[in-house]
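# Residue-level structure breakdown
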Amino acid sequence: MWTTTTVLASLLLLPLLMWVIAVERTRNSYPPSLVKLTMNHLAYSYPLDGQPGTLREQETQQVMTALLTFLGESGPGQHLHLIHDDTAPEVKAAVREWQQQWVEVTIVGNTSDVTLLQTVLTSVQLGRRQRRLLLLCSLQNTLRVFDAVKEMNLESSAVYWYVILQSDFTAELITHLREGTQMTAAVRTADMRYRLRTSYVDIHNQVRLKAVGWWWWSRDSGGRHVASSSLTPDLQQVYRDFGGRTLTAAVVDDWPFFKVTPVSTTHAIPDSGIDYQVLTSLALKLNFTYKVKLDPKGQWGGPQPDGSVIGMIGMVARREADLAINEITITGPRETVVDFTVPYFMESTTIVTPAPKEKSKAGAIFSPFTPLVWLLLVAATLAIGPVLSSVSWVMELYTGKKWDRSIQQYTFNMFRNMVVQGNLIVSGYWPHRIIFLSWYLFTFYVFALYSGTLTAVLAIPSFEKPIDSLVDLLNAIKKDGFIPVFAYGTSNEFIFREATSGIYRDIWHMFTPSLGYVRSFDEGVEKVLMGKYAFVNSYMAVEIRVRKTGISKFYMAQQTFYPQGYGMALVSGAPYKNVFSHVLLQLRESGLVDKWTKDEVSKLKRQDKSGRSSSLPGAITLLHLQAAFFLLLSGFSLASAVLITEIFLCSPRGEKTP
């Protein structure tokens, strides 16, 4: 009986004993909670054991050192930066101890100087390699750091932030963050445990923090942690699915790349085009939707000499849009204010001018031969008369028979042979016959070449020398008064404007802004038809508009220059840049971009009714025969002049000519 009572008592006391053990373990495992926080120092007490007093400095250093070590080892990258202030006296000691354990670490101890922070984040030596930044500051200095990041556009997918907060100020902190600042916050709780939270962007494009685990410090075992997911999420995985977010795309109305239906001066409905297909495919692949926003002035834009950023590039740089797409050339100055994906479309630049005018055919009768050939033909015709006359004189001496032919008669008849009108001279002497035979063959060969070439000259149009290169353009500007035309705010205008030497600079020095600037590609092509204007622009954009207006009215240079790649402009530090680039490469390598290009061009070809003029010769017209009529009228005019001269020179004064 006694044994049974003892067993029952033991069973009743066992839960109480386990509770006492649990309380004791809890007391020994966790540090005391924070009860007071000021901006300049930390004060601690011991609410668990009821004994007031400050926490031992050595233990505080151990806690902080363990936490810094844990966060420093949590992310990828070899470069580690620690930013701290004098919030707590214990911090400096913890930093010194922690620094001894790390070699490749940069300590920034003054958060009031944001230029030092900028130097750390934009270091040329570090480039785009992964970096980790530990931030251990007061709330005021923490917010100042992230405000500086926003103001100077220092967001980067290569930088990951770890922020230690001694109280839960996360609600205020996230209002100072933008997408592109990847952050994990270690928030201290009441029992010296730290709750771990990582940043993300919700479906409404707002930065939020989500709890992923805990970190705590034990006197016996040191730092411990538990986490449901990584403290440094893989951006490639995070942005494989945007979760149905809506992004804003800056565009201009620029078919065949992006055709829109304007709703207002700044908003439009996407319609069609190459880049429309690219962006739509990207959205389907990554699970996001988009709305388009127009630049009010319809400019591509970029950084300006006064420091402003205009056009679509300016909208992205100011974060009025998440991205810009529409035939955007990747340039160095633009890359200073936005990030670019890999190029997905390549083309070059051309020059479009008015169609060369057809040359006048008034002098076509002389065009088959060069001046030297004409001179030799005249000389041969004049020489054949004296040669035949000399042979006749010798024959008279040898035979004693009179040969009644003058030099004029020989020359005239040989000329008749030259123009295939027959020969009136008949000779029974072989010397004459041999000379006649050689002359007949000579004139037949000359006439055949002349008539064939003249027919080709008359039947096939010939035109003035066109502008086929930058050298031709420069000569046309100097000699013929041509005016170069550029679309304002485009990369083509930029390369000429910023050139410091060479033919680009020479052409730009002769550029007249009041006459040569246009606001759109359509305006540039239309201006070409107004006179001696040469529009310099990308080949695809020019070809489309030339075909639409009537290709026979224009001439496109045979030589192209300045190869350029089109990319998608993203906000600076966009964490989804690599994901976008990966999908764009897939679209390009699969041939879809080329297919969409051909589809857009084929739409225009079906609408193009003008076409090119046939290269085959057509019927002979009055234009072709103007040289013959010109020669006839010239002969009539010359005969009239000779007649009038003879009347006045040969008639006696006062007598009438019969």
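Scoring rules and cut-offs
Residues numbered from 1 in each chain as written. Predicted model: local features only at pLDDT ≥ 70, side-chain atom pairs only at ≥ 80, totals over all residues. Heavy atoms only, no water. Helix = DSSP H or I, 4+ residues; strand = E, 2+ residues; numbered from the N terminus. Polar contact = N/O pair within 3.5 Å; in protein donor to acceptor, adjacent residues only side chain to side chain. Contact = heavy atoms within 4.5 Å. Pairing = 2+ DSSP bridges. Salt bridge = Lys/Arg side-chain N within 4 Å of Asp/Glu carboxyl O. Expected span 1.5 Å × (residues − 1). Buried < 20%, exposed > 50% of the residue type's maximum accessible area, 1.4 Å probe, protein only. pLDDT = per-residue confidence, 0-100. Phe/Tyr/Trp six-rings, centres within 6.5 Å; stacked < 30°, edge-to-face > 60°. Lys NZ or Arg CZ within 6 Å of the ring centre and 35° of its normal. Axes fitted to C-alpha atoms, helices over the stretch in contact; angles between N-to-C directions.

### Re the side chain of Thr-381
Examined against the element boundaries, Thr-381 turns out to sit in helix H11 (residues 371-399). A polar contact is formed between the side chain of Thr-381 and the backbone oxygen of Leu-377, at a distance of 2.8 Å. Every residue in contact with Thr-381, bar those within four places of it in the chain, is listed here: Thr-411, Phe-415, Met-418 and Trp-439.

### Describing the pairing of strand E12 (residues 259-262)
Relative to strand E13 (residues 267-272), E12 is paired through four bridges, and the arrangement is antiparallel. Within the sheet, the bridge partner assigned to Thr-261 lies in E13 and is Ile-269. Following E12, the chain reverses through four residues before pairing antiparallel with E13.

### Let's talk about the pattern of salt bridges
Considering all chains together, one arrives at 15 salt bridges under this definition. Here Arg-319 and Glu-155 are joined by a salt bridge, their closest N and O atoms 3.3 Å apart. Taken together, the positions of Arg-319 in the loop between helix H9 (311-317) and strand E15 (323-324) and Glu-155 in the loop between helix H5 (139-151) and strand E6 (159-165) put the pair 164 residues apart, joining distant regions of the chain. Across the salt bridge formed by Lys-465 and Asp-472, the nearest N and O atoms sit 3.3 Å from each other. Each of Glu-155, Arg-178 and Arg-319 takes part in salt bridges that share partners, so that together they form one network.

### Focus: helix H20 (residues 577-589)
Helix length check: H20, at 13 residues, gives a terminal C-alpha distance of 18 Å against a target of 18 Å (1.5 Å per residue), a fit within 8%. Remark: Gly-591 follows H20 within two positions and exhibits a positive phi of approximately 90°.

### A look at the environment of Leu-515
With respect to the helices, strands and loops of the structure, Leu-515 is situated in helix H17 (residues 513-516). In this structure Leu-515 comes out as partly exposed when scored by relative accessible area, which is 37%. Taking the C-alpha atoms as reference points, Leu-515 and Pro-484, 31 residues apart in sequence, are found 8.7 Å from one another. Sequence-distant contacts of Leu-515, that is, excluding residues within four places in its chain, are made with Ile-483, Lys-527 and Tyr-533.

### Observations regarding the confidence of the model for the chain
Residues of the chain with pLDDT of at least 70 account for 74%, and the chain-wide mean is 78. The low-confidence segment residues 22-55 (pLDDT under 50) makes 67 contacts with residues lying over four places distant or belonging to another chain. This model gives residues 609-616 a pLDDT under 50, and the stretch forms five contacts once residues within four places in sequence are excluded.

### A look at the packing of aromatic side chains
In this structure the tally under the stated criterion is 27 aromatic pairs. In this structure an aromatic cluster arises from ring pairing among Phe-486, Tyr-488, Phe-496, Tyr-504, Trp-508, Phe-511, Tyr-517 and Phe-561. If you follow Lys-210 out to its NZ or CZ, it ends over the ring of Tyr-200, 5.8 Å from the centre. Against the face of Tyr-488 rests Arg-519, its NZ or CZ located 4.7 Å from the ring centre.

### Points about the sheet that holds strand E23 (residues 569-570)
Here seven strands make up an open sheet; going across it, the order is E12-E13-E14-E11-E15-E23-E16 and the pairing mixed. Bordering the open sheet on either side are E12 and strand E16 (339-340), each of which pairs with just one other strand. Relative to E23, E16 runs antiparallel, the two sharing two bridges. Within E23, the residue paired with Phe-340 across the bridge is Ala-569. Packing against the sheet, helix H8 (residues 274-286) makes contact with strand E11 (246-251), E13, strand E14 (289-294) and E15, and its axis sits at approximately 145° to E14.

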